[in-house]
Amino acid sequence: MSRKLQEVFEHVIGLPPAQRDAYLDSACGDEAALRADVLELLRAHEAAAKFLSSPTADVPVSEAP
């Protein structure tokens, strides 16, 4: 991962979704590949967060003796 890609991605994940497009316009300029890479990382980040936040099964928790 390039340093610029990492910097843009780290900044954009901290922004509210409504502000992301404007920031990406500014940060990526005419670098379409950079913007595409950032959006791909953002989608993967959000998918991982959703996966980790939902239980996979309704498993009862037992108390340790």
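Quantities reported herein were computed from a predicted structural model and do not represent experimental measurements.

**Student:** Would you mind showing me how to read the overall build of the protein chain here?
**Tutor:** Across its full length, the protein chain holds 3 helices and 0 strands. Ordering the α and β elements of the protein chain from the N terminus gives α-α-α. Summarising the internal contacts of the protein chain: among those between residues at least 6 apart in sequence, 43% fall at separations of at least 24. Split by element, the accessible area of the protein chain, about 5200 Å² in all, is 57% carbon and sulfur.

**Student:** Got a minute to help me understand the packing of helix H1 (residues 3-12) against helix H2 (residues 17-28) in this structure?
**Tutor:** When two helices pack together, their arrangement is given by the angle between the helix axes and the distance between those axes. Between H1 and H2, the least distance of the axes is 10 Å, while the angle of their chain directions is 160 degrees. Looking at the two axes, H1 sits roughly antiparallel to H2. Taken as a pair, H1 and H2 cross one another with a handedness that is right-handed. Listed contacts from H2 to Lys4, Glu7, Val8, His11 and Val12 of H1 are Arg20, Tyr23, Leu24, Ala27 and Cys28. Broken down by class, the residue content of the contact of H1 with H2 amounts to 6 nonpolar, 1 polar and 3 charged.

**Student:** Explanation requested: the nonpolar core in the structure shown.
**Tutor:** In summary, soluble globular proteins display a tendency toward joint burial of nonpolar side chains. Membership of the largest hydrophobic core is limited to 10 residues, which are Leu5, Val8, Phe9, Val12, Leu15, Leu24, Ala27, Cys28, Leu34 and Val38. Those elements that place two or more of their residues in this core are H1, H2 and helix H3 (32-53). Residue contributions to this core peak at 4 residues, all from H1. Contacts of valine 12, omitting those with residues within four sequence positions, involve Arg20, Tyr23, Leu24 and Val38.

**Student:** Would you take a moment to explain the pattern of salt bridges for this structure?
**Tutor:** Opposite charge on two side chains allows them to pair when their charged atoms are near. Across all of its chains, the model carries 5 salt bridges by this definition. Note that arginine 35 is salt-bridged to aspartate 25, the shortest N-O span being 2.6 Å. Of the two residues, arginine 35 is situated in helix H3 and aspartate 25 in helix H2; the sequence distance between them amounts to 10 residues. Looking at arginine 35, the relative accessible area reads 22%, which means it is partly exposed. Residues joined by salt bridges that share partners form a network here, namely Asp21, Asp25 and Arg35.

What counts, and at which threshold
Residues numbered from 1 in each chain as written. Predicted model: local features only at pLDDT ≥ 70, side-chain atom pairs only at ≥ 80, totals over all residues. Heavy atoms only, no water. Helix = DSSP H or I, 4+ residues; strand = E, 2+ residues; numbered from the N terminus. Contact = heavy atoms within 4.5 Å. Areas by Shrake-Rupley, 256 points an atom, 1.4 Å probe, with all protein chains shown as cover. Axes fitted to C-alpha atoms, helices over the stretch in contact; angles between N-to-C directions. Parallel < 35°, antiparallel > 145°, perpendicular 65-115°, else oblique. Left-handed = near helix turned anticlockwise from the far one by under 90°. Nonpolar A, V, L, I, M, F, W, Y, C, P; charged D, E, K, R; others polar. Core = buried A, V, L, I, M, F, W, Y, C linked by side-chain atoms within 4.5 Å. Buried < 20%, exposed > 50% of the residue type's maximum accessible area, 1.4 Å probe, protein only. Salt bridge = Lys/Arg side-chain N within 4 Å of Asp/Glu carboxyl O.

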